[in-house]
Amino acid sequence: MKNIILTLLALGLTFSAIAQKKKQKQDAEAIKKMCGCYEVTFNFAETFNYSSDSLYKPSKVKEDKALEYAGLVIDENDKISIQHLLQVGNPADPMVIKHWRQDWLFENTDFYMYNTDNQWAFEEKSKSEVKNQWTQKVYQVDDSPRYEGSGSWVHVDGKSYWENTTAAPLARREYTTRSDYNLMMRGNRHEITNYGWVHDQDNSKIIREEGKEDVILAKEKGYNTYVKVEDSRCNAAANWWEDHTNKWLTVRAKWDEVYGRNQDLNLEEKVDNKALYKHLFDDTITEESQINPVIESFVKKL
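Just so you know, these numbers come straight off a predicted model, no measurement behind them. (Residues numbered from 1 in each chain as written. Predicted model: local features only at pLDDT ≥ 70, side-chain atom pairs only at ≥ 80, totals over all residues. Heavy atoms only, no water.)

Participant: Which residues make up the nonpolar core, and what values go with them?
Facilitator: Judged by nonpolar contacts, the single largest core of 28 residues is most densely connected at Val251, Trp255, Leu265 and Leu280. Elements that contribute at least two residues to this core include exactly β5 (110-114), β6 (119-124), α3 (235-259), α4 (276-280) and α5 (288-298). The element best represented in this core is α3, accounting for seven residues. When near neighbours in sequence (up to four residues on either side) are disregarded, Leu265 contacts Tyr112, Asn118, Gln119, Trp120, Pro145, Val258, Tyr259, Val299 and Leu302. Formed by 26 residues, the second largest nonpolar core is a distinct cluster that contains Met34, Phe44, Tyr147 and Tyr226. (Core = buried A, V, L, I, M, F, W, Y, C linked by side-chain atoms within 4.5 Å. Buried < 20%, exposed > 50% of the residue type's maximum accessible area, 1.4 Å probe, protein only. Helix = DSSP H or I, 4+ residues; strand = E, 2+ residues; numbered from the N terminus. Contact = heavy atoms within 4.5 Å.)

Given below as structure tokens:
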């Protein structure tokens, strides 16, 4: 009888492991469906405000469109990396702009959580907290950190989606026009669709002060659609990435070394009166001996 019970337990564990691997593969396939050439529509609207200021003015509705290439940079069992590039201007002679990057890590335990003023707090979660989950790590155009969070991919009723809420810096559309709040709590939902994918957002605009409870100033809805088109339309972006991939591999390697220190991260906004992306977007900055000191100059010594 004892042997039968042990055998059943072993079979149960085996079937569970097989099911987990199958689910992990299904998750990975959903993530990689975000790759390709897309016509993107960006939509943001402030929905509610909670300000006591009678003169409070909400952000204007933001609508924009772009052609965006999402290229697969890393495809491993526990890590998938996708680089986004904007292709703008005359279609016959377009300009390519390096955009955001998203890394997906399976059962990741190391996090850099945003906490205002260009500061990220290092946090280590237990393996049980992230079991079967994927972390989405989102990076700025210069591969510095932006925001990250962990959650489970859900595949049900013909839908595949992932959800998470996490603290983030203000979006460019906001920090260039607003200074009355200093943190955005982002509610992110990525859903794969029959036409591509959707980035659905329910965001809170937060005033955070040390020693005080967060104050919600306003709510925002974001709805960005990625409609897949022929890959050939993004040839310029794909070719640009091929030509520049070694430089940005070096940039990522330096950032990986910084992140690997596993300590709180505080970054300068500007060095020599220039933001980091302006330094790294300089076509004369290509070698490791040039790139590493530039990135290190933005890392404040704690």
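Having seen it, we continue.
Participant: How would you summarise a positive patch on the surface if you had to cite specific residues and measurements?
Facilitator: Taken together, the side chains of Arg172, Lys270, Lys274 and Lys278 present a region of like positive charge at the surface. Among the secondary structure elements, Lys270 is positioned in the loop between β14 (265-266) and α4. Residue Lys270 is classed as exposed on the basis of its relative accessible area, which comes to 52%. (Patch = residues over 30% accessible without salt bridge, like charges linked within 9 Å, V, L, I, M, F, W, Y side chains within 5 Å. Areas by Shrake-Rupley, 256 points an atom, 1.4 Å probe, with all protein chains shown as cover. Salt bridge = Lys/Arg side-chain N within 4 Å of Asp/Glu carboxyl O. Lys, Arg positive; Asp, Glu negative; His and termini not counted. Charge placed at Lys NZ, Arg CZ, Asp CG, Glu CD.)

Participant: Let's hear about the pattern of salt bridges: which residues, and what values?
Facilitator: Should the charged atoms of two oppositely charged side chains come close, the side chains can pair. Applying the stated criterion across every chain yields a total of 25 salt bridges. In this structure, the salt-bridge partner of Arg178 is Glu46, at a minimum N-O distance of 3.2 Å. Of this pair, Arg178 sits in the loop between α2 (172-175) and β11 (183-192) while Glu46 sits in strand β1 (residues 36-49), and the two are 132 residues apart along the sequence. In this structure, the salt-bridge partner of Arg189 is Glu163, at a minimum N-O distance of 2.7 Å. With a gap of 26 residues between them, Arg189 in strand β11 and Glu163 in strand β10 (residues 159-168) connect regions that are remote in the sequence. Looking at Arg189, the relative accessible area reads 18%, which means it is buried. Here Glu163 falls in the partly exposed class, since its relative accessible area comes to 43%. Through salt bridges with shared partners, one network takes in Glu46, Glu174, Arg178, Asp180 and Lys205.

Just geometry here; none of it tells us what the structure is for.
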